[in-house]
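Tertiary structure, described
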Amino acid sequence: MFKVQELREIIKLVDNSSIDEFVYENDGAKLKLKKNNGVISEVVVPAKETAAVVQQVAAPVVTETPKVEEVKVEENTAPLHVDDSSLHKITSPMVGTFYQASSPDSPAYVKVGDQVGEETIVCIVEAMKLFNEIEAEIKGQIVEILVKDGQLVEYGQPLFLVKPE
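Residues numbered from 1 in each chain as written. Predicted model: local features only at pLDDT ≥ 70, side-chain atom pairs only at ≥ 80, totals over all residues. Heavy atoms only, no water.

From N to C terminus, the protein chain includes two helices and eleven strands. What you see in the protein chain, going N to C, is helices and strands ordered as α-β-β-β-α-β-β-β-β-β-β-β-β. Nonlocal contacts in the protein chain, meaning residues at least 24 apart in sequence, comprise 53% of its contacts between residues at least 6 apart. Accessible area for the protein chain stands at about 11600 Å²; split by element, carbon and sulfur atoms hold 51% of it. (Helix = DSSP H or I, 4+ residues; strand = E, 2+ residues; numbered from the N terminus. Contact = heavy atoms within 4.5 Å. Areas by Shrake-Rupley, 256 points an atom, 1.4 Å probe, with all protein chains shown as cover.)

In structure tokens:
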């Protein structure tokens, strides 16, 4: 016969594990647990006393798993570069949000194929409501933009690849 504490522990263990079905037999009593999306859907015990205990224990333990949102993965359509060792990386000088333009209505500071000079502004990184203009610091051609507009960037994260002149 199962004790209430044993049943609670078994239900908790099954609920927190990756298994979908659990069957346990002991001294003629049988315990069968099935999970369906995180909900314990079936508890079967033939012994009368144990069945009453199982109903008391199983009711408060039934839980729902949080809804999982579907995440779309966007493919990177930018060209891949095999030899980027000759390319200069413009990196973020701080943690913040990357913006390609000064406002949503404005055109991007630079796009792939544009020529830049050392003082050419290539983007803005916003940190704590301060908009910091990032300069190219090198003469060359923008080969690839490595981050998307509005994306969070880390300190030292590459933002652009530039082919130096």
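Here the narrative resumes, following the displayed structure.
Attention now moves to the sheet that holds strand β5 (residues 96-99). The strand order across the open sheet formed by four strands is β8-β7-β5-β10, and the pairing between neighbours is antiparallel. The strands lining the two open edges of the sheet, one partner per strand, are β8 (130-135) and β10 (152-153). Bridge count between strand β7 (residues 121-127) and β8: six bridges; the pairing is antiparallel. Considered in β8, the bridge of I124 is made with E133. (Pairing = 2+ DSSP bridges.)

So, about the nonpolar core. Core analysis: the largest hydrophobic core is formed by 17 residues, its most contacted members being F98, V122, L159 and F160. Contributing elements (two or more residues each) for this core: β7, β9 (140-145) and β11 (158-164). Apart from residues lying up to four places away in sequence, F160 is in contact with H88, K89, I90, F98, V110, V122, C123, I142, E144, I145 and L146. Membership of the second largest hydrophobic core comes to six residues, among which are I10, V14, L31 and L33. (Core = buried A, V, L, I, M, F, W, Y, C linked by side-chain atoms within 4.5 Å. Buried < 20%, exposed > 50% of the residue type's maximum accessible area, 1.4 Å probe, protein only.)

What follows is about unusual backbone geometry. One non-glycine residue with positive phi stands out, namely K129, at about 70 degrees. Along the chain, the position of K129 falls in the loop between β7 and β8. A residue is classified by how much of its surface remains accessible, and K129, at 70% relative accessible area, is exposed. The phi torsion at E137 lies on the positive side, around 65 degrees, for a residue other than glycine.

Here we take up a negative patch on the surface. Among the surface-exposed residues, E118, E119, E133, E135 and E137 lie close enough to one another that they form a single negatively charged patch. Examined against the element boundaries, E118 turns out to sit in the loop between β6 (115-116) and β7. (Patch = residues over 30% accessible without salt bridge, like charges linked within 9 Å, V, L, I, M, F, W, Y side chains within 5 Å. Salt bridge = Lys/Arg side-chain N within 4 Å of Asp/Glu carboxyl O. Lys, Arg positive; Asp, Glu negative; His and termini not counted. Charge placed at Lys NZ, Arg CZ, Asp CG, Glu CD.)

Attention now moves to the pairing of β7. β7 sits mainly inside the fold: six of its seven residues count as buried. Pairing of β5 with β7 involves three bridges; the strand directions are antiparallel. Directly across from F98, in β7, lies its bridge partner V125. Linking β7 back to β8 in an antiparallel pair, the connection comprises two residues, with M128 at a positive phi of about 55 degrees.

One can find E126 in strand β7. Comment: no salt bridge for buried E126; closest opposite-charge side chain is K129, at 5.0 Å. A distance of 2.8 Å separates a polar atom in the side chain of E126 from the backbone nitrogen of K129. Contact partners of E126, with chain neighbours within four places excluded, come to G96, T97, Y99 and F131. (Polar contact = N/O pair within 3.5 Å; in protein donor to acceptor, adjacent residues only side chain to side chain.)

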